[in-house]
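Residues per chain, in single letters:
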Amino acid sequence: GTIAAESAKAGEAFAPVRTAAAAMQSAADLAAVRAAMGPLSDALIALSRAGAKLDGVRPAYCPMARKYWLQRGDKIQNPYYGQSMSDCGRFADAK
């Protein structure tokens with residue numbers, strides 16, 4: 001299912017995830033998807049800090065966009081600037 005649908009099963013603590021996922025799902029273009037990535041990542045990182053298990057993902061930070069995201073793997077894959085700056089960023093402790 002979609003992130004929004006799956007988070008609905010998890011209860012009210014996931015409401016910020018649902019809201020952010022719905023914004024991403026309704027994005028009209030790639031720029032809007034990239035803009036929605038920040039709030040979704042922030043919501044997921046907040047859940048993780050509150051004790052939710054997000055297995056296999058790590059927080060990363062883009063100093064250019066000043067935003068976090070979650071990703072799998074050991075190679076930075078920045079979602080904010082596309083292929084031109086896909087390696088911009090670093091793994092970091094989330095806010």
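Coordinates for the structure precede this section.
Residues numbered from 1 in each chain as written. Predicted model: local features only at pLDDT ≥ 70, side-chain atom pairs only at ≥ 80, totals over all residues. Heavy atoms only, no water.

Peer 1: Would you mind going over the overall build of the protein with me for this structure?
Peer 2: Regarding its fold elements, the protein presents three helices and three strands. A buried classification covers 32% of the 95 residues belonging to the protein. Contacts in the protein between residues far apart in sequence, at least 24 positions, make up 38% of those at least 6 positions apart. Looking at the protein as shown, the accessible area adds up to about 5,900 Å², and 54% of this sits on carbon and sulfur atoms. (Helix = DSSP H or I, 4+ residues; strand = E, 2+ residues; numbered from the N terminus. Buried < 20%, exposed > 50% of the residue type's maximum accessible area, 1.4 Å probe, protein only. Contact = heavy atoms within 4.5 Å. Areas by Shrake-Rupley, 256 points an atom, 1.4 Å probe, with all protein chains shown as cover.)

Peer 1: Mind showing me how you'd approach the pairing of strand 1 (residues 58-62) here?
Peer 2: Side-chain direction in a regular strand flips from residue to residue, so the side chains alternate between the two faces of the sheet. Of the pairings in the sheet, the one linking strand 1 to strand 2 (residues 67-71) comprises five bridges and is antiparallel in character. Considered in strand 2, the bridge of Ala 60 is made with Trp 69. Connecting the antiparallel pair strand 1 and strand 2 is a turn made up of four residues, with Arg 66 showing a positive phi of about 55 degrees. Bridge count for strand 1 against strand 3 (residues 90-91) is two bridges, and the pairing is antiparallel. Among the inter-strand pairings, Tyr 61 is bridged to a residue of strand 3, identified as Arg 90. (Pairing = 2+ DSSP bridges.)

Peer 1: Just checking my understanding: could you explain the nonpolar core for this structure?
Peer 2: Across soluble globular proteins, nonpolar side chains have a tendency to be buried as a group. Core analysis: the largest hydrophobic core is formed by 16 residues, its most contacted members being Val 17, Met 24, Met 37, Leu 40, Cys 62, Trp 69 and Tyr 80. Per-element accounting of this core gives the leading share, five residues, to helix 3 (residues 30-49). By size, the runner-up hydrophobic cluster in this structure holds five residues, among which are Ile 45, Tyr 61, Leu 70 and Ala 92. (Core = buried A, V, L, I, M, F, W, Y, C linked by side-chain atoms within 4.5 Å.)

Peer 1: Looking at this structure, how should I read the sheet that holds strand 2?
Peer 2: Across a sheet, paired strands are connected by hydrogen bonds in the backbone, their directions being either parallel or antiparallel. Across the sheet, which stays open at both edges, the three strands sit in the order 2-1-3 with antiparallel pairing between neighbours. The open sheet has two free edges, formed respectively by strand 2 and strand 3, since each of these has just one partner strand.

Peer 1: How should I be thinking about the pattern of salt bridges in this particular structure?
Peer 2: Two side chains of opposite charge can pair, provided their charged atoms sit close to one another. All chains considered together, the criterion is met by one salt bridge. A salt bridge links Arg 58 to Asp 74; its shortest N-O distance comes to 3.2 Å. Of the two residues, Arg 58 sits in strand 1 while Asp 74 sits in the loop between strand 2 and strand 3, which places them 16 residues apart along the sequence. Since its relative accessible area comes to 35%, Arg 58 is described here as partly exposed. Accessibility expressed as a relative area gives 68% for Asp 74, which makes it exposed. (Salt bridge = Lys/Arg side-chain N within 4 Å of Asp/Glu carboxyl O.)

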